[in-house]
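# Residue-level structure breakdown
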Amino acid sequence: MFLSRLRYCLLFFGCVIIFFVVMHMFSKNYFKMLNSVNVPWQHISNRNNDDTNSKIDFENKISFRNHIDKSEVVNIKVEKEKETYTINESSSDIKLVSNQDNNVKKPNVELDLKIENIISNTISNITNEQINSNQPCSLRGSRLVGALYVDQSVPSLKDLEKMYSVDFGGMIEKGGWWKPKQCVERVKVAIVIPFRNRNDQLLIFLRHMHPLLMRQELYYRIIVVEQLENDPFNRAGLFNVGYTEALKIADFNCFIFTDVDLLPEDDRNYYGCPTSPRHMSVAVDKFQYQLPYETIFGGVAAFTKEHFVSINGMSNLFWGWGGEDDDLYRRIVTMGYKLTRPSLLTGRYTMVKFNHFQSSQADPNRMNLLKNSDERMTVDGLNTLKYTLKEVDQQPLVTFVRITMSKSMYNM
């Protein structure tokens, strides 16, 4: 009897010991997994007008994901530190600043291509019933994540094509266009970029914008209008060219005119012309996320086709830097349109600063032109546009429209 009880006691204590060993191993791996989990960036970023800093204690390692669902994924891994860090978003770069010694810790940014492939494979398995759905897409996109991390590292064109182009199993069609398959798009958008010698910034733009525009469920195409040769840069004239050439490709009803160095920090800033005319880049990091002046209309602007035609597009007479955006604002006011803007929270932008090549000096005639903007608009714009089309080059992720344009065409 005694031996039998002793045997049961030893068996019981053995089971208890095994149980605690298993629980110890499980909890160790479980908490290790929690410390390495990816979370959407907006869960970390507590962004508002009064407080741009949020604090986090790092026990081991944490990763931030800036894009989720059908888009690029970027992980920022911060190695184990004992101090408390502050995420400082007041500048264009996200900085991790030690509250103990004020040393800046730079995050290690790497592309998580495995997750991207899993997402792509999932999308490819959509049923025919879903693809042929006649339901309209949501008003502003159904997979938005809010605030975004802006990666300013320069990717290679080859890597971008492998990630997004249909030639490598991606979703972007030749020419840089995409349309939703699970619903019927509400708007067709031409993203028009005036361009000269900004190749690195264009690569950053394409990496950032393609996932954002897809999440907003837009039928869109990215069109880069490149001014060749050495004549002074005509930003507004290139926008007019982009509008004209875009309509030869598709019946677009919404036009986004944007500089290549401006990247939205929030995908709730809708690129589908929710209102028109609309000034979208209201809070740029270069200007401490404030409007430099009330009547500014530079950076990123949205127009419906009807409104852009009614103001006769933009002026063709501003050669060099400055003035054309103020002229555009006066055209809008002259036609009696009400200019709209997103909030300073949603309309935040990062300006990519490196390799910021300025192809022309300031236009010395800009102030004289601004004196008669309203009278001149009927005889200076889309109806007097002159350029020589050299090439329309549909590349895997973008459409290039290459042209020449000079003052001599306008007897200047």
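What counts as what
Residues numbered from 1 in each chain as written. Predicted model: local features only at pLDDT ≥ 70, side-chain atom pairs only at ≥ 80, totals over all residues. Heavy atoms only, no water. UniProt positions renumbered as here; feature names shortened; annotations may be inferred. Disulfide = S-S within 2.5 Å. Helix = DSSP H or I, 4+ residues; strand = E, 2+ residues; numbered from the N terminus. Buried < 20%, exposed > 50% of the residue type's maximum accessible area, 1.4 Å probe, protein only. Arc of directions from axis to C-beta. Phe/Tyr/Trp six-rings, centres within 6.5 Å; stacked < 30°, edge-to-face > 60°. Lys NZ or Arg CZ within 6 Å of the ring centre and 35° of its normal. Core = buried A, V, L, I, M, F, W, Y, C linked by side-chain atoms within 4.5 Å. Contact = heavy atoms within 4.5 Å. Pairing = 2+ DSSP bridges. Expected span 1.5 Å × (residues − 1). Bend = angle between axes of the 7 residues up to and from the residue. Salt bridge = Lys/Arg side-chain N within 4 Å of Asp/Glu carboxyl O. Axes fitted to C-alpha atoms, helices over the stretch in contact; angles between N-to-C directions. Parallel < 35°, antiparallel > 145°, perpendicular 65-115°, else oblique. Left-handed = near helix turned anticlockwise from the far one by under 90°.

The name recorded for the protein chain in an unreviewed UniProt entry is Beta-1,4-galactosyltransferase, from Hydra vulgaris. Taken directly from UniProt, the Pathway (unreviewed entry) text for the protein chain runs: "Protein modification; protein glycosylation."

This part is about the state of the cysteines. Covalent bonding between the sulfur atoms of two cysteines is what defines a disulfide. With the rule as written, the count across this model stands at two disulfides. Across the disulfide from C137 sits C183; the S-S distance is 2.0 Å. With the S-S dihedral at roughly 90 degrees, the linkage between C137 and C183 falls on the right-handed side. Placement of the pair is C137 in the loop between helix 4 (128-131) and helix 5 (157-164) and C183 in the loop between strand 9 (177-178) and strand 10 (188-195), with a sequence separation of 46 residues. Judged by its relative accessible area of 8%, C183 is buried. Between the sulfur of C254 and that of C273 lies a disulfide, 2.1 Å long from S to S. The chirality of the disulfide connecting C254 with C273 is right-handed, given an S-S dihedral of about 80 degrees.

Attention now goes to helix 5. Turning to helix 5, its buried residues are L160, E161, M163 and Y164. Within helix 5, the buried residues cover an arc of 165 degrees as seen down the axis, which keeps them to one side.

To continue, consider the packing of aromatic side chains. Considering all chains together, one arrives at 13 aromatic pairs under this definition. An aromatic cluster is present here, built from F239, Y243, F252, F255, F257, F297, F303 and F308 joined pairwise through their rings. The residue whose ring lies beneath K188 is Y219, and the NZ or CZ to ring-centre distance is 5.1 Å. Positioned above the aromatic ring of Y289 is the side chain of R348, whose terminal nitrogen or guanidinium carbon lies 3.7 Å from the ring centre.

As a further point, take the nonpolar core. For soluble globular proteins, nonpolar side chains are generally found buried alongside one another. Counting residues in hydrophobic clusters, the biggest one holds 45 residues, and the most contacted among them are F205, L213, Y220, I222, I256 and Y271. By residue number, the principal contributor to this core is helix 6 (residues 199-215), which donates nine residues. Setting aside residues up to four positions removed in sequence, F205 forms contacts with I191, I193, I222, T258, D259, V260, L262 and L263. In this structure, Y243, F303, M314 and L339 belong to the second largest nonpolar core, which totals 36 residues.

On to the sheet that holds strand 13 (residues 262-264). The strand order across the open sheet formed by three strands is 13-17-15, and the pairing between neighbours is mixed. The sheet is open, and its two edges are formed by strand 13 and strand 15 (283-284), each paired on a single side. In this sheet, strand 17 (residues 348-351) lies alongside strand 15 in parallel orientation, the contact comprising two bridges. The partner of A283 across the bridge, within strand 17, is R348.

Let's shift gears to helix 6. Given a rise of 1.5 Å per residue, 17 residues ought to cover 24 Å, and the 25 Å separating the end C-alpha atoms of helix 6 matches this to within 8%. A bend of about 25 degrees at M209 is the largest found in helix 6, and the proline P211 appears one to four places after it. With 15 of its 17 residues buried, helix 6 lies for the most part within the structure. At the exit of helix 6 stands E217, carrying a positive phi of roughly 55 degrees.

Counting across every chain of the model gives 19 salt bridges. Its salt-bridge partner being D327, residue R376 comes within 2.7 Å of it at the nearest N-O pair. Of this pair, R376 sits in helix 11 (residues 373-376) while D327 sits in helix 9 (residues 324-334), and the two are 49 residues apart along the sequence. Each member of the pair, R376 as well as D327, carries the same accessibility label: buried.

Two elements in contact, helix 5 and helix 6, have axes separated by 10 Å at closest approach and are oriented at 15 degrees. What the angle tells us is that helix 5 and helix 6 run roughly parallel. Handedness of the helix 5/helix 6 crossing: left-handed. Contacts between helix 5 and helix 6 involve L157, L160 and Y164 on the former and, on the latter, L203, L206, R207 and P211.

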